Amino acid sequence: MSTVATASDPTRHFFQPVIVCLTVASVALTLFVIWISLHDLSLMRAGREKFVGLDNYIRFLGDPRAMAALWRTVLFTTLATVIEIALGLAVVLFLDRNFAMKRLVRTLLLVPIIMTPVVVGLTWRFLFDSATGMANYLLSLVGIAQVDWLGSPRIALFAVLIADIWQWTPFVILLVMAALESAPTDPLNAARVDGAREWQVTWYVLLPMLRRALAIVALIRAIDSIKAFDLFYIMTRGGPALSTETLNYYGYIVAFTNFDISYSLAIAIILTIFTNVALLTMYSVLFPKTGDR
Amino acid sequence: MAQLSIRSVSKSYGAVQVLDDVSVEVEEGSFVVLLGPSGCGKSTLLHAVAGLNPIDSGTIVIGDRNVTNLPARDRDVAMVFQSYALYPTMTVAQNIAFPLKMRGLDRRTSDEKVAGVARLLQIEPLMSRLPRELSGGQRQRVAIGRALVRDPRLFLFDEPLSNLDAALRTELRAEIKRLHQSIRRTMVYVTHDQTEALTLADKIVVLKAGKIEQTGTPLSLYDDPDNAFVAGFIGTPRMNFLKATVADDGKALLAGEARVDITHLATRLENGRAVTLGIRPEHLDEKDGVTLSLSVDVTERLGSTSYVHGALASGESVVAERREDQPGFGETITLRFQPTRARVFDGEGSRIR
Ligand SMILES: Nc1ncnc2c1ncn2[C@@H]1O[C@H](COP(=O)(O)OP(=O)(O)OP(=O)(O)O)[C@@H](O)[C@H]1O
Ligand SMILES: [Mg+2]
């Protein structure tokens, strides 16, 4: 807290009103959402809503479709975060510190990140098309039978996962690369002189130095994956047979297909609480109070 | 037998020749200092010895092994980096134990050795801290401790004191000297500070632009420099250089209005030849000898002695030590020196003996 403004600091006249406005807006919105979620507001019965207390939350606990969606969200988030971090880190370590076409590679890495999710989703939908898609064509070249990527309930979630990994691993690579470049190289040389093999240099010295950066990238990716919507909407619409319906997507269906606004908002609040608890746990594990050991 | 032989090592980065045919012999148990101005290739040479920098040509032998193509971990050297290079995520104890861990030493022996080193360097209270919670001098000790814990064939120090304040530097300099005297291991020490070199070294290697200018004991470099660069680099304040001409009889030099007898030189110089005369400030305060008159600009008082900065009638500036009086601005004083104290250099800066 080195930048706490003192009472006499004139810049507070600029940032304090902004903070107040933002706080008021978000508190008011949250309270409003909680308030609605305690009613039974539905667009099918407009004007006849009444206070129902925690009914919507109790309904959630007994709703197998919601529970399945929650489980799917956990699975997708965990897999996406872990695979993207591991893959990104591996690529960075493999690419070494200095190589010939680094600038070109870096520019190419930006492409998936800046592509809009709609284009990414459509592209992967074409690639995964069971009859005409490139994925099956490539598999057929190596003699593997056709896979019904988006049509099979056991596989569709992983097809979306692949698209997500394709789009977001470069983001991990870019951030980890930047962290690697700003890390000092002398400790690595010191470890070599001290008798470490290259993998030991990486494991004992380099990775601990990158831990903070990795943790932050993991947090960002986890938050994004929990909220993922666009790829699901474009590629599968939650199907087939609800097999790719995440909690976020289910909330959307409840609100805009069933018009059950109160229940949808209850789901949103549960998702928010769930996210916060998960991330705070993750944060306290990654950054223990005693410092960044 | 030499503990470290660097034989005709050359290295260039692109078109820049950083090391040019460098050869150094380091005796078992001795303390050798690589001395030279910034950018002359000292670190490059040390990194080459440690195996962190590949060399273009030449051979490096440590003990009786040719290590030229061995990776750093197989060379059995310990290095203290200029930046300390402590492992930022490990505690002091873990930092010092790391080389032992990499050699697969068991926990008990390792703990004992680490404790021993901590006692020697007086860092016991710091053992559970992280490097960033230490002061510069403490980090320095930890870096030295990490090298000492291992008992390697060779110690390499890369300007380990350059980031410290003057008092701490003097203290740690003495500590390193004491350390060397008590453990008697071979050490190679890089610095651009000639005071450090003079106080620590058994042997000094003076480098300039990747070439060795001279190798010798501190005293021989100070007394008997091979060239004007070494003469100017060693000793503070710097040696004075005066333009001079060989007189008609070939037995004396004419520097300004002074006539300097050079019959002690083995070389006979032809008449009228232009040379440079080098005289150290501490040799300009004699009772008798050749006289020069100096008009004083500034006097630095250091307590026991003073240094007078001024100009000769010829306009050449000169620094002279003054033990008795402290002349002020504008005064004209007489400097005296013994002709045998003067060192003579030719037009290229090579010594004429
Ligand atoms: N990686 C590199 N690429 C290109 N040139 C380099 C590289 N490393 C060092 N040099 C050059 O090599 C020369 C010697 O560098 P070195 O680090 O050995 O100097 P030094 O004598 O240790 O200087 P200092 O006293 O400032 O530490 C310098 O001119 C430097 O610019
Ligand atoms: Mg250096």
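Residues numbered from 1 in each chain as written. Chains lettered and ligands numbered in written order. Predicted model: local features only at pLDDT ≥ 70, side-chain atom pairs only at ≥ 80, totals over all residues. Heavy atoms only, no water.

### Side note on the UniProt feature "transmembrane region" (unreviewed entry) in chain A
Residue and element names in this part refer to chain A. For the record, the criterion: UniProt positions are given in the numbering used here, feature names are shortened, and annotations may be inferred rather than shown by experiment. Starting at the N terminus, helices and strands are each numbered in turn, a helix being any DSSP run of H or I of at least four residues and a strand any DSSP run of E of at least two.
Mapped onto this numbering, the UniProt entry gives "transmembrane region" (unreviewed entry) at residues 18–38, 69–95, 107–127, 155–180, 201–223 and 261–286. End-to-end, the C-alpha atoms of residues 18–38 are 30 Å apart, and along that stretch the chain is 95% helix and 0% strand. For residues 261–286, the end-to-end C-alpha separation is 37 Å, with 100% helix and 0% strand making up the annotated structure.

### So, the pairing of strand S18 (residues 332–337) of chain B
All names here are of chain B. So the rule is basically this: Burial classes follow relative accessibility: with a 1.4 Å probe on protein chains only, a residue under 20% of its type's maximum area counts as buried, one over 50% as exposed, and anything between as partly exposed. Whether two strands pair depends on DSSP finding at least two bridges between them.
Covered by surrounding structure in S18 are Ile 333, Leu 335 and Phe 337 only, the residues Thr 332, Thr 334 and Arg 336 on the alternate face being uncovered. Across 6 bridges, the pairing between strand S15 (residues 290–301) and S18 is antiparallel. Looking at the pairing, Val 290 lines up with Phe 337 of S18.

### What to know about the site of ligand 1
Residue and element names in this part refer to chain B. Here is the rule: Here a residue is considered near a molecule or strand provided that any single heavy atom belonging to it is located within 4 Å of it. By the criterion applied in these results, polar contacts are pairs of N or O atoms within 3.5 Å in which, for protein atoms, one can donate a hydrogen and the other can accept it, and in which residues neighboring in sequence qualify only through two side-chain atoms. Per-residue accessibility takes into account occlusion by the displayed protein chains alone, with areas from the Shrake-Rupley method and a 1.4 Å probe. We call Asp, Glu, Lys and Arg charged. Ala, Val, Leu, Ile, Met, Phe, Trp, Tyr, Cys and Pro are nonpolar, and the rest, Gly among them, are polar.
Around ligand 1, a shell composed of Tyr 13, Val 18, Ser 38, Gly 39, Cys 40, Gly 41, Lys 42, Ser 43, Thr 44, Gln 82, Glu 159 and His 192 is seen. Here an oxygen atom of ligand 1 and a side-chain polar atom of Ser 43 are 2.6 Å apart. One of the side-chain N or O atoms of Glu 159 is found 2.8 Å from an oxygen atom in ligand 1. In isolation ligand 1 exposes 630 Å². Once the protein is present, 58% of that is buried. Take the shell around ligand 1: its biggest share by element is 3 residues, from helix H1 (residues 42–50). For the shell around ligand 1, a count of residues per class yields 3 nonpolar, 7 polar and 2 charged.

### Section: the interface of chain A and chain B
As a reminder, the rule being used: Should any heavy atoms of two residues lie within 4.5 Å, those residues are counted as being in contact. Here the buried area means the combined drop in accessible surface, using a 1.4 Å probe, for two parts upon being joined, counting both sides. Here, a salt bridge means any side-chain nitrogen of Lys or Arg that lies within 4 Å of a carboxyl oxygen of Asp or Glu.
At the junction of the two partners, chain A supplies 19 residues and chain B supplies 25 residues. When chain A packs against chain B, close to 1900 Å² is buried across both sides, 59% of that on carbon and sulfur atoms. Applying the counting criterion to the chain A and chain B interface returns 2 salt bridges. The salt bridge involving Asp194(A) is made with Arg150(B); its shortest N-O contact spans 3.9 Å.

### Quick word on the nonpolar core
Stated precisely, the cut-off is as follows: Nonpolar cores are built from buried Ala, Val, Leu, Ile, Met, Phe, Trp, Tyr and Cys residues. Side-chain atoms within 4.5 Å join them into one set.
If you look at the biggest cluster of nonpolar residues, it comprises 63 residues, and the most contacted ones within it are Leu4(B) and Leu156(B). Element by element, the count of residues in this core is highest for helix H9 (residues 198–226) of chain A, at 9 residues. Setting aside residues no more than four positions away along its own chain, Leu156(B) makes contact with Leu46(B), Val49(B), Ala50(B), Val77(B), Ala78(B), Met79(B), Val80(B) and Val188(B). By size, the runner-up hydrophobic cluster in this structure holds 43 residues, among which are Val80(B), Ala97(B), Leu134(B) and Leu200(B).

### Some words on the packing of aromatic side chains
The description of two aromatic rings rests on the distance between their centres and on the angle between their planes. This is how it is decided: Pairing of aromatic rings covers Phe, Tyr and Trp, the last counted by its six-membered ring, and requires centre-to-centre distances within 6.5 Å; plane angles under 30 degrees mean stacked, over 60 mean edge-to-face, and any other angle means tilted. Note on criteria: charge over ring means Lys NZ or Arg CZ within 6 Å of the ring centre, with the direction from the centre no more than 35 degrees off the ring normal.
The tally for this structure, following the rule as stated, stands at 18 aromatic pairs over all chains. Arranged with centres 5.9 Å apart and planes meeting at 65°, the rings of Trp124(A) and Trp166(A) form a pair that is edge-to-face. Linking Trp124(A) in helix H5 (residues 117–127) with Trp166(A) in helix H7 (residues 156–182), this pair joins segments that are 42 residues apart in sequence. Taken together, a centroid distance of 5.8 Å and an interplanar angle of 40° make the contact between Phe157(B) and Tyr189(B) tilted. Separated by 32 residues along the polypeptide, Phe157(B) in strand S7 (residues 154–158) and Tyr189(B) in strand S8 (residues 187–191) bring together distant segments of the chain. We note that Phe157(B), like Tyr189(B), is buried. Through successive ring pairs, a cluster of aromatic residues spans Phe229(A), Tyr233(A), Tyr249(A), Tyr252(A) and Phe256(A). It is Arg59(A) that lies over the ring of Tyr263(A); its NZ or CZ is 3.8 Å from the centre. Positioned above the aromatic ring of Tyr222(B) is the side chain of Arg280(B), whose terminal nitrogen or guanidinium carbon lies 4.2 Å from the ring centre.

### A word on the pairing of strand S13 (residues 258–261) of chain B
Residues and elements named next belong to chain B. Only one face of S13 is covered, namely the face carrying Ala 258 and Val 260; the face carrying Arg 259 and Asp 261 is uncovered. Where strand S12 (residues 252–255) meets S13, 4 bridges bridge the pair, whose relative direction is antiparallel. The residue of S13 that forms the bridge with Leu 254 is Arg 259. Turn length for the S12-S13 hairpin, with the two strands adjacent in sequence and antiparallel, is 2 residues, and the turn residue Gly 256 shows positive phi of about 60°.

### Concerning the environment of Thr246(A)
Residue and element names in this part refer to chain A. By secondary structure assignment, the location of Thr 246 is in the loop between helix H10 (230–235) and helix H11 (247–256). On a C-alpha basis, the gap between Thr 246 and Thr 272 in space is 14 Å, while along the polypeptide they are 26 residues apart. Non-local contacts of Thr 246, meaning those with residues more than four positions away in its chain, are made with Ala 69, Thr 73, Ala 228 and Phe 232.

### Side note on H5(A)
All names here are of chain A. Here is the rule we go by: Arc definition: directions from the helix axis to the C-beta atoms.
Restricting attention to buried positions, one finds in H5 the residues Val 120, Gly 121 and Trp 124. Seen from one end, H5 has its buried residues packed into an arc of 95°, which puts them on one side. At its buried positions, H5 is contacted by H7 and H10.

### Quick notes on helix H5 (residues 166–183) of chain B
Residues and elements named next belong to chain B. How we decide: Helix span is expected to be 1.5 Å times the residue number reduced by one.
Helix length check: H5 (18 residues) gives 26 Å between terminal C-alpha atoms against 26 Å at 1.5 Å per residue, within 8%. Within H5, burial applies to Leu 172, Arg 173, Glu 175, Ile 176, Leu 179 and His 180. Axial view of H5: buried residues confined to an arc of 165°, hence all on one face. What points out from H5, more than 90 degrees from its buried face, is the exposed set Ala 166, Ala 167, Arg 178 and Ser 182. One or two steps after H5, the chain reaches Arg 184, where phi turns positive at roughly 55°.

### Considering the packing of helix H2 (residues 92–102) of chain B against helix H4 (residues 136–148) of chain B
Residue and element names in this part refer to chain B. Stated precisely, the cut-off is as follows: Orientation is described by lines fitted to C-alpha atoms, with helices fitted over the stretch in contact, and by angles between N-to-C directions that extend from 0 to 180 degrees. Should an angle fall under 35 degrees it is taken as roughly parallel, and over 145 as roughly antiparallel, whereas 65 to 115 is taken as roughly perpendicular and any remaining angle as oblique. A crossing counts as left-handed when the near helix is turned anticlockwise from the far one by less than a right angle, and as right-handed when that turn is clockwise.
Across the interface, H2 lies against H4 with an axial gap of 7 Å and an inter-helix angle of 30°. One finds that H2 runs roughly parallel with respect to H4. Relative to H4, H2 is oriented so that their crossing is right-handed. The segment H2 lies against H4, with Val 92, Asn 95, Ile 96 and Pro 99 engaging Val 142, Gly 145 and Arg 146. Residues belonging to the contact of H2 with H4 are distributed by class as follows: 4 nonpolar, 2 polar and 1 charged.

### With respect to the sheet that holds strand S3 (residues 31–35) of chain B
All names here are of chain B. The 6 strands are arranged S6-S7-S8-S3-S9-S10 in an open sheet whose pairing can be described as mixed. Strands with a single pairing partner mark the edges of an open sheet, and in this sheet they are strand S6 (77–80) and strand S10 (211–216). Here the average twist between neighbouring strands, direction ignored, is 15°. Summarising the sheet, S6 and S7 pair through 4 bridges and their orientation is parallel. Looking across to S7, one finds that Ala 78 is bridged to Phe 155. Taken strand by strand, H4 contacts S6 and S7, and its axis lies near 175° from that of S6.

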